[in-house]
Amino acid sequence: MAAAPPAPTTGTLVVVGGGIAGVTCAEQLALHFPSEDVLLITASPVIKAVTNFKQVSKVLEEFDVEEQPSTMLEKRFPNIKVIESGVKQLKSEEHCILTEDGSEHVYKKLCLCAGAKPRLICEGNPYVLGIRDTDSAQEFQKQLTKAKRIMIIGNGGIALELVYEIEGCEVIWAIKDKAIGNTFFDAGAAEFLTSKLIAEKPEAKIAHKRTRYTIEGRKKEAGTKANAGNIGSALGPDWHEGLNLKGTKEFSRKIHIETRCEVKKIYLQKEFKISKKKSLAFPRDHHNQTLTTDKEIWPVYVELTNDKIYGCDFIISATGVIPNIEPFLCGNNFDLGEDGGLKVDDHMQTSLPDIYAAGDICTAAWQPSPVWQQMRLWTQARQMGWYAAKCMAAASGGDSIDMDFSFELFAHVTKFFNYKVVLLGKYNAQSLGSDHELMLRCTKGQEYVKVVMQNGRMMGAVLIGETDLEETFENLILNQMDLSSYGEDLLDPYIDIEDYFD
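Just so it is clear, the model here is predicted, and its values are computed rather than measured.

J.: Break down the overall build of the chain for me, citing the residues and quoting the values.
T.: In terms of helices and strands, the chain carries eleven helices and 26 strands. A buried classification covers 53% of the 502 residues belonging to the chain. Taking the contacts inside the chain whose residues are at least 6 apart along the sequence as the reference set, 65% of them involve residues at least 24 apart. Put simply, the chain shows about 23,400 Å² of open surface, and 49% of that area lies on carbon and sulfur atoms.

Here's what the structure looks like:
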């Protein structure tokens, strides 16, 4: 006789997802409701905690992301109970969540923070690897130790970090845009960074800040059926620190970039042999474009839309993410955004009663501030998780709440190619039309400053390097002061702009 399923538990507040959004939301709910239980449902034995949080300015924030055993979260917040299981089904009409372990969890309010999964260029190919969570990053490191050449497809943050960090392995980088880092930069900033990419990398490595907790007994479960489809939560900002990203060769960095192209076809070794096509050798230098046939035999071959074919040991698919909504759709009529996320209003509520969403899984469907846009970044995951908890608390008490200030201005600080990078507002003139102008200041190898102006007002900025301009520019974008009279003095390196606007 089969064992009876566990009795349903009444959890007043339930959060799904152990990433930055989910953990931040659960922590805030635990503070708002100290006498109530908060359930955090996560498929992973480790959670992502925000550490060393620093408010750089009004909106800009910096923090580290640390992987911790879920027991640490339960110790810090005695009213948080972590359920280590994937979600099987959401029954929104019954206010109930079924987990893979056979349990039923009844909620009064629910926040979905299940993140996103990699958009793989090819599903089910053993030579195509997506990097999304710590386990896939570890798998990549393992594969790289045996590799002589890899191919990276994509132009986002992970691709940018990878091409800079990989050593001792030839890298063919295929991007669909004219210049690298199109998500973050214009062609000018891309050119500034490309020179750093081609230069030799310094030996010194910055000590990594995150800790990797492995729970060996549980790692074996990863292959079991219950955990098969579960993905870990997204990597933090310094995910590659502490990974030894070295291939088999004895050189520092060898990168060849193929621009304005995408993947046309992937061949396994046998298929390629039958096709009688020829692959290209790794180009010898950046200026000499002479194409020579590759004599080496590779496990996998990639044909690009520019008709070039390269062989490699494996392919990294870094072409963005898809909101992880699958487990929650069956029987529930959610409104979805064009990007496939759960639509949320300005109080992080989905279209279904008592269900909220935050982080990569959601699509901001409110009328945004003129200088804010949604991007699936860890800073926004933290802000959304924090604000969703605030909204859930306000709704429970029948209170009204204003939109959080962090959604007034898009602000993100990160590191690319060892440069500090600050992005503010409409930094790439997103949706501004043609009536805007750009002002630039660039010192090769040191700093790159770009501001986006419209009708005399600053709408966005890109700051690469130690510019110390972020706070001043943040204020100028927020207060929308008319700067027409300053002209190009705004970026004059001999004028202390901070004194102008103190």
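On we go.
J.: Which residues make up the packing of aromatic side chains, and what values do they have?
T.: In this description, a pair of aromatic rings is defined by centroid distance and the angle of the planes. For the coordinates displayed, the defined rule picks out 15 aromatic pairs. Both rings, one in tyrosine 164 and one in phenylalanine 417, keep their centres 5.2 Å apart while their planes meet at 20°; by these two values the pair is stacked. Taken together, the residues span a long stretch of sequence, with tyrosine 164 in helix α4 (residues 157–165) and phenylalanine 417 in the loop between β22 (411–416) and β23 (419–425) at a distance of 253 residues. Across the pair, phenylalanine 417 and tyrosine 164 agree in class, each one buried. Ring centres of phenylalanine 184 and phenylalanine 416 lie 5.2 Å apart, and the angle between their planes is 50°; on these two criteria the pair is classed as tilted. Placement of the pair is phenylalanine 184 in the loop between β12 (170–174) and α5 (187–198) and phenylalanine 416 in strand β22, with a sequence separation of 232 residues.

J.: Requested: an account of the sheet that holds strand β25 (residues 447–454), with residues and values cited.
T.: Through backbone hydrogen bonds, the strands of a sheet pair up, either in parallel or in antiparallel fashion. Strand order across the open sheet formed by five strands is β22-β23-β26-β25-β24, with antiparallel pairing between neighbours. With one partner strand each, in any of the chains shown, β22 and β24 (437–443) form the two edges of the open sheet. Looking at each pair of strands side by side, their axes are set apart by 15° on average, direction ignored. On the sheet, helix α10 (residues 470–479) packs against β23, β25 and β26 (457–464) and is oriented at approximately 160° with respect to β26.

J.: Break down the environment of threonine 194 for me, with residues and values.
T.: Residue position: threonine 194 is located in helix α5. Sequence separation between threonine 194 and glycine 181 is 13 residues, and the spatial gap between their C-alpha atoms is 10.0 Å. A distance of 2.6 Å separates the side chain of threonine 194 from the backbone oxygen of alanine 190, its partner in a polar contact.

J.: Tell me about the environment of cysteine 122, residues and numbers included.
T.: Position of cysteine 122 among the secondary structure elements: in the loop between β9 (116–118) and β10 (128–130). By relative accessible area, cysteine 122 is classed as partly exposed at 24%. As a C-alpha pair, cysteine 122 and isoleucine 266 span 144 residues in sequence and 8.4 Å in three-dimensional space. Discounting chain neighbours no more than four positions away, the residues touching cysteine 122 are Val128 and Ile266.

J.: Account for the sheet that holds β10, with residues named and values stated.
T.: Pairing is parallel in the open sheet, where five strands are placed in the order β10-β17-β11-β12-β13. With partners counted over all chains shown, the strands left at the sheet margins are β10 and β13 (254–258), one partner each. For this sheet, the mean angle separating the axes of adjacent strands, direction not counted, is 25°. Where β12 meets β13, five bridges bridge the pair, whose relative direction is parallel. Across the sheet, the residue bridging to isoleucine 172 is histidine 256, located in β13. Sitting on the sheet, α4 is in contact with β11 (149–153), β12, β13 and β17 (314–317), with an inclination near 155° to β12.

J.: Can you tell me about the packing of helix α1 (residues 20–32) against helix α9 (residues 378–396), naming the residues and giving the values?
T.: For the pair α1 and α9, interaxial distance at closest approach is 7 Å and the crossing angle is 30°. On the basis of the axis angle, α1 is roughly parallel to α9. α1 and α9 meet at a crossing whose hand is right-handed. Here Ile20, Ala21, Thr24, Cys25, Gln28, Leu29 and His32 of α1 lie close against α9, whose contacting residues are Trp378, Ala381, Arg382, Gly385, Trp386, Ala388, Ala389, Lys390, Met392 and Ala393. Among the residues forming the contact of α1 with α9, the class breakdown is eleven nonpolar, four polar and two charged.

J.: Provide a residue-level description of the pattern of salt bridges, including the pertinent values.
T.: Using the criterion set out here, one finds 15 salt bridges in the structure. Where glutamate 62 meets lysine 54, a salt bridge forms, and the shortest distance between an N and an O atom there is 3.8 Å. Glutamate 62 gets classed as partly exposed once you look at its relative accessible area, which sits at 30%. On the basis of relative accessibility, which here comes to 48%, the residue lysine 54 falls in the partly exposed class. In this structure, lysine 420 engages glutamate 470 in a salt bridge whose closest nitrogen and oxygen atoms are separated by 2.6 Å. Taken together, the residues lysine 420 in strand β23 and glutamate 470 in helix α10 connect sequence positions 50 residues apart. The class of glutamate 470 is buried, set by a relative accessible area of 8%. What emerges from the salt-bridge pattern is a single network uniting Lys264, Lys277, Glu303 and Asp307.

J.: Mind laying out α4, listing which residues take part and the relevant values?
T.: Of all nine residues making up α4, seven are buried, and the element is well covered by its neighbours. Among the residues of α4, Ala159, Leu160, Glu161, Leu162, Val163, Tyr164 and Glu165 are the ones counted as buried.

J.: Please provide a residue-by-residue account of the environment of glutamate 338, values included.
T.: Positionally, glutamate 338 belongs in the loop between α8 (326–329) and β19 (342–344). A relative accessible area of 91% places glutamate 338 in the exposed class. Separated by 25 residues in sequence, glutamate 338 and threonine 363 have C-alpha atoms that sit 8.4 Å apart.

The rules behind the values
Residues numbered from 1 in each chain as written. Predicted model: local features only at pLDDT ≥ 70, side-chain atom pairs only at ≥ 80, totals over all residues. Heavy atoms only, no water. Helix = DSSP H or I, 4+ residues; strand = E, 2+ residues; numbered from the N terminus. Buried < 20%, exposed > 50% of the residue type's maximum accessible area, 1.4 Å probe, protein only. Contact = heavy atoms within 4.5 Å. Areas by Shrake-Rupley, 256 points an atom, 1.4 Å probe, with all protein chains shown as cover. Phe/Tyr/Trp six-rings, centres within 6.5 Å; stacked < 30°, edge-to-face > 60°. Pairing = 2+ DSSP bridges. Axes fitted to C-alpha atoms, helices over the stretch in contact; angles between N-to-C directions. Polar contact = N/O pair within 3.5 Å; in protein donor to acceptor, adjacent residues only side chain to side chain. Parallel < 35°, antiparallel > 145°, perpendicular 65-115°, else oblique. Left-handed = near helix turned anticlockwise from the far one by under 90°. Nonpolar A, V, L, I, M, F, W, Y, C, P; charged D, E, K, R; others polar. Salt bridge = Lys/Arg side-chain N within 4 Å of Asp/Glu carboxyl O.

The analysis is restricted to geometry; functional conclusions fall outside its scope.
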